[in-house]
Amino acid sequence: MSLKSLAEDDRPREKFLQKGKNSLSDSELLAIIMGSGNREESVVELARKILASVDNSWHHLSLLSVKDLMKFKGIGEAKAISIITALEIGRRRAGQDIPEKSVIGNSYDAYSILKNQLSDLRTEEFWAIFLNNSNKVIYTSQLTQGGISQSIVDVRVLFKTAIDHFSTGVIIAHNHPSGSLKPSKEDINITQKIKEAGKVLSIQLLDHIIITQDSYFSFSDTGLL
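Below: a short report on this structure.

Reading guide: rules and limits
Residues numbered from 1 in each chain as written. Predicted model: local features only at pLDDT ≥ 70, side-chain atom pairs only at ≥ 80, totals over all residues. Heavy atoms only, no water. Helix = DSSP H or I, 4+ residues; strand = E, 2+ residues; numbered from the N terminus. Buried < 20%, exposed > 50% of the residue type's maximum accessible area, 1.4 Å probe, protein only. Lys, Arg positive; Asp, Glu negative; His and termini not counted. Salt bridge = Lys/Arg side-chain N within 4 Å of Asp/Glu carboxyl O. Polar contact = N/O pair within 3.5 Å; in protein donor to acceptor, adjacent residues only side chain to side chain. Contact = heavy atoms within 4.5 Å. Expected span 1.5 Å × (residues − 1). Pairing = 2+ DSSP bridges. Axes fitted to C-alpha atoms, helices over the stretch in contact; angles between N-to-C directions. Parallel < 35°, antiparallel > 145°, perpendicular 65-115°, else oblique. Left-handed = near helix turned anticlockwise from the far one by under 90°. Nonpolar A, V, L, I, M, F, W, Y, C, P; charged D, E, K, R; others polar.

**Thoughts on the side chain of Asp-187**
Next, step 1: Topologically, Asp-187 is positioned in helix 9 (residues 185-201).
Next, step 2: Buried charged residue Asp-187 carries no salt bridge. Nearest counter-charge: Lys-182, at 11 Å.
Next, step 3: There is a polar contact of 3.2 Å between the side chain of Asp-187 and the side chain of His-174.
Next, step 4: Of note is the side chain of Asp-187, whose polar atom sits 3.1 Å from the side chain of His-176.
Next, step 5: Apart from the residues within four sequence positions on either side, Asp-187 is in contact with His-174, His-176, His-208, Ile-210 and Phe-219.

Put into structure tokens, the structure is as follows:
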């Protein structure tokens, strides 16, 4: 029996999408890895049987070999390898330290993050750094790529990305291939537009950085924000 043959309420993948990963039982998680059961058992029933054989312990399950898993009807070599691989990924993840997020304390910190992406380009690009309440970087993204003289950002895309990443602060940046650090009228207008839109959504525009090959300009540092 495949996942598609199960009743709607018993489909682990659909449950994952509708209710989230935390709603799944251990047997449902294992069922997603396996994908299908056998003629007598649904994939969830088979997963339940396999877990019961190891006292419902992921650790004990990880000790089983490919041959051990293939003793269960419906588990071939490919499924056994998939199960062992998933458990090995979990083991390696548990052994890794959680990487520390970069913290933005000033305009130079923001410049340091984006200078490698923007300093040597021949056309303008518009980027954003999304931060949490502690000014830690959650996500960085290129939003637009323009021509020789300008790159226009869609404010809706900017704030959708911020909302998707639960960001409370945004730093925007773009480059000037000409080498000029002077903000244009368009630069000033888009900065104010983004600042005002952020107020409505309680997402603060913290700075706008203009980057050239060897330097940068900060709207915040110069009082233009």
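**Examining unusual backbone geometry**
Generally, phi is negative for residues other than glycine and the peptide bonds are trans, each holding for most cases.
Next, step 1: A positive phi is found at Asn-56, a non-glycine position, where the angle reads about 55 degrees.
Next, step 2: Secondary-structure assignment places Asn-56 in the loop between helix 3 (43-52) and helix 4 (58-62).
Next, step 3: Positive phi, normally seen in glycine, also occurs at Phe-166, with a value near 55 degrees.
Next, step 4: One can find Phe-166 in the loop between helix 8 (155-164) and strand 3 (169-175).

**Some details on helix 6 (residues 77-94)**
Next, step 1: Between its terminal C-alpha atoms helix 6 stretches 26 Å, which fits the 26 Å expected from 18 residues at 1.5 Å a residue.
Next, step 2: Against helix 2 (26-34), helix 4 and helix 5 (66-69) lie the buried residues of helix 6.

**Focus on the pattern of salt bridges**
Next, step 1: All told, the structure shown has 10 salt bridges when counted by the stated rule.
Next, step 2: Taking the shortest distance from any N to any O, the salt bridge between Lys-73 and Glu-40 comes out at 2.7 Å. With Lys-73 in the loop between helix 5 and helix 6 and Glu-40 in the loop between helix 2 and helix 3, this residue pair connects regions lying 33 residues apart in the sequence. Here the two residues Lys-73 and Glu-40 agree in accessibility, since each one is exposed.
Next, step 3: Here Lys-49 and Glu-41 are joined by a salt bridge, their closest N and O atoms 2.7 Å apart.
Next, step 4: Assessed through its relative accessible area of 41%, Lys-49 is described here as partly exposed.
Next, step 5: Looking at Glu-41, the relative accessible area reads 14%, which means it is buried.
Next, step 6: Residues joined in a network through salt bridges with shared partners are Glu-88, Arg-91 and Arg-92.

**Digging into the sheet that holds strand 4 (residues 204-211)**
Next, step 1: Spatial strand order, 2-1-3-4-5: 5 strands in an open sheet with mixed pairing. Looking at strand neighbours, the two that pair on one side only are strand 2 (137-145) and strand 5 (216-218), the edges of this open sheet. Averaged over all neighbouring strand pairs, the angle between strand axes comes to 20 degrees, with direction disregarded.
Next, step 2: Bridge count between strand 4 and strand 5: 3 bridges; the pairing is antiparallel. In the strand pairing of strand 5, Ile-209 is matched with Ser-218.

**Digging into the packing of helix 2 against helix 6**
Next, step 1: Orientation of helix 2 relative to helix 6, taken along the N-to-C sense of each, is 125 degrees, at an axis distance of 9 Å. Viewed along their axes, helix 2 and helix 6 adopt a mutual orientation that is oblique. Crossing of helix 2 against helix 6: the hand is right-handed. In this structure, helix 2 uses Leu-30, Ile-33 and Met-34 to contact helix 6, whose residues at the interface are Lys-79, Ser-82, Ile-83 and Ala-86.
Next, step 2: Residue composition of the contact of helix 2 with helix 6, by class: 5 nonpolar, 1 polar and 1 charged.

Coordinates in, geometry out; function isn't part of it.
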